[in-house]
Amino acid sequence: MPLTAGIVGLPNVGKSTLFNAITHSQVEAANYPFATIQPNVGVVEVKDKRVDKITELVTPKKTIYTSFEFTDIAGLVKGASQGEGLGNQFLSHIREVDAIVHVVRCFEDNSITHVEGSVDPIRDIEIINLELILADQQSIENRISKVERKAKAKDKDAIFELSVLTKVNDALLNGKSVRTLDLDKDETNILNGFHLLTAKPVIYVANMSESEVHHAEDNPFYQKVKEFADSEKSDVIAISAKIEEELSMLDDEEREMFLADLGYEESGLDKIIHHSYDLLGLWSFFTAGVQEVRAWTFHKGMKAPECAGVIHTDFQKGFIKAECYHFDDLVQYGSEQAVKDAGKFRIEGKEYLVKDGDILHFRFNV
């Protein structure tokens, strides 16, 4: 399945404009074999120049980039945790995503009204964060009431779980998000089953005017968002949702020219994707042959059989070995055969830790 991110933000901050840009850039359904694309879901290709280079050298019949799925989380207003707006529907959607892309408005424009009456990105962030905190608090308190009985009966697992839940609940009562807490592996494992909203990593997207985005650091609204993001060890990206929407209407060649004219190395959408990969600890490996060149996403630290399972569960179950070489070797020597001749082609077993940029061919038997 692709990486998923939920786009949140108050009305009139640029969230819908950004999502429109994403849906215009949407990958063709033929290259998205996972599920039917819903109206509030946009699936885009993760542009990777390494895929383009492998395609150039291997000349396959087909090239498939890995994909990134954005869900437009609509209906978030003050009181969402108590059912205001789309309330519970919003919360159920956001529990399913890997990361949150939180769009905040960092520009003045009298022609675009703000639901709160003025532009104040920190206030907007705190409104949404409070709704997420209240929703998490409800989940935690519901569980505490159930686990307390077992803890009183001296159940060791229940005693530990209660201590973790109490620690988290105290933090939530003090307005802290779970992601800001220092939790060990055992504590994190306890919380994973709750899919807590404030435990999810966040990228703050500072939506700026077309004229200001080039020098974002000079924008006082951006400065405040950056300071806030730094305080909770989150990322912040400055984009112009309007520019992203214009880019999404262009073909690849026009898009590259437009980006060059703007002085950009990559679009804001690409920045969001690449920051999300870093935030979630994700890398890419490739499969390459005359039939197909394809990129696959995996978590740092995964071993060869686990990466084989990314392609198909049968590959993991019947894993025998991985034939492996690196993208850099392919570029240096020009072909797989030349890589072999140079002694850079390897056979790896079950304990091999896959690296970013590995080109793999799995041998398996089921």
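Read on for an overview of the structure. (Residues numbered from 1 in each chain as written. Predicted model: local features only at pLDDT ≥ 70, side-chain atom pairs only at ≥ 80, totals over all residues. Heavy atoms only, no water.)

**Observations concerning the overall build of the protein chain**
To keep it simple, the criterion reads: Only runs of H or I of at least four residues qualify as helices and only runs of E of at least two qualify as strands under DSSP, and these elements are numbered from the N terminus. Working definition: with a 1.4 Å probe on protein chains only, accessible area under 20% of the residue-type maximum means buried, over 50% means exposed, and in between means partly exposed.
A tally of regular secondary structure across the protein chain gives 14 helices and twelve strands. Here the protein chain, with 366 residues, has 47% of them falling under the buried criterion.

**Quick look at the packing of helix H5 (residues 156–173) against helix H6 (residues 185–192)**
Angle between the axes and distance between the axes are the two parameters that describe a pair of packed helices. Here is the rule we go by: Each axis is a line fitted through C-alpha atoms, taken for helices only over the stretch in contact, and angles between the N-to-C directions span 0 to 180 degrees. Angles are sorted into four bins: roughly parallel if under 35 degrees, roughly antiparallel if over 145, roughly perpendicular if 65 to 115, and oblique for all others. Residue contacts are counted whenever heavy atoms from the two residues lie within 4.5 Å of one another. Amino acids are sorted into nonpolar (Ala, Val, Leu, Ile, Met, Phe, Trp, Tyr, Cys and Pro), charged (Asp, Glu, Lys and Arg) and polar (every other residue, Gly among them).
Where H5 meets H6, the closest approach of the two axes is 10 Å, and the angle between their N-to-C directions is 85°. With respect to H6, the axis of H5 lies roughly perpendicular. Packed against H5, whose contacting residues are Phe-160, Glu-161, Val-164, Leu-165, Lys-167 and Val-168, the element H6 presents Asp-186, Glu-187, Ile-190 and Leu-191 at the interface. Looking at the contact of H5 with H6 residue by residue, the class counts come to six nonpolar, no polar and four charged.

**A look at the packing of aromatic side chains**
We count it as follows: Stacked, edge-to-face and tilted labels apply to pairs of Phe, Tyr and Trp rings (six-membered ring for Trp) whose centres lie within 6.5 Å, assigned for plane angles under 30 degrees, over 60, and everything in between, in that order. Consider the ring centre and the ring normal. A charge sits over the ring if Lys NZ or Arg CZ is within 6 Å of that centre and within 35 degrees of that normal.
Per the counting criterion, the structure on display carries nine aromatic pairs. Between the aromatic rings of Trp-283 and Phe-298, the centroid separation amounts to 6.2 Å while the plane-to-plane angle is 70°, which identifies the pairing as edge-to-face. A residue pair is termed long-range when its members are at least 10 positions apart, and Trp-283 in strand E8 (residues 282–288) and Phe-298 in strand E9 (residues 292–299) qualify at 15 residues. Residue class for Trp-283 comes out partly exposed when judged on its relative accessible area of 28%. In textbook terms, an aromatic cluster arises when at least three aromatic residues are bridged by ring pairs, as seen for Trp-283, Phe-285, Trp-296, Phe-298, Phe-319 and Phe-362. The residue whose ring lies beneath Lys-47 is Tyr-65, and the NZ or CZ to ring-centre distance is 4.9 Å.

Functional significance is not addressed by these values, which are geometric in nature.
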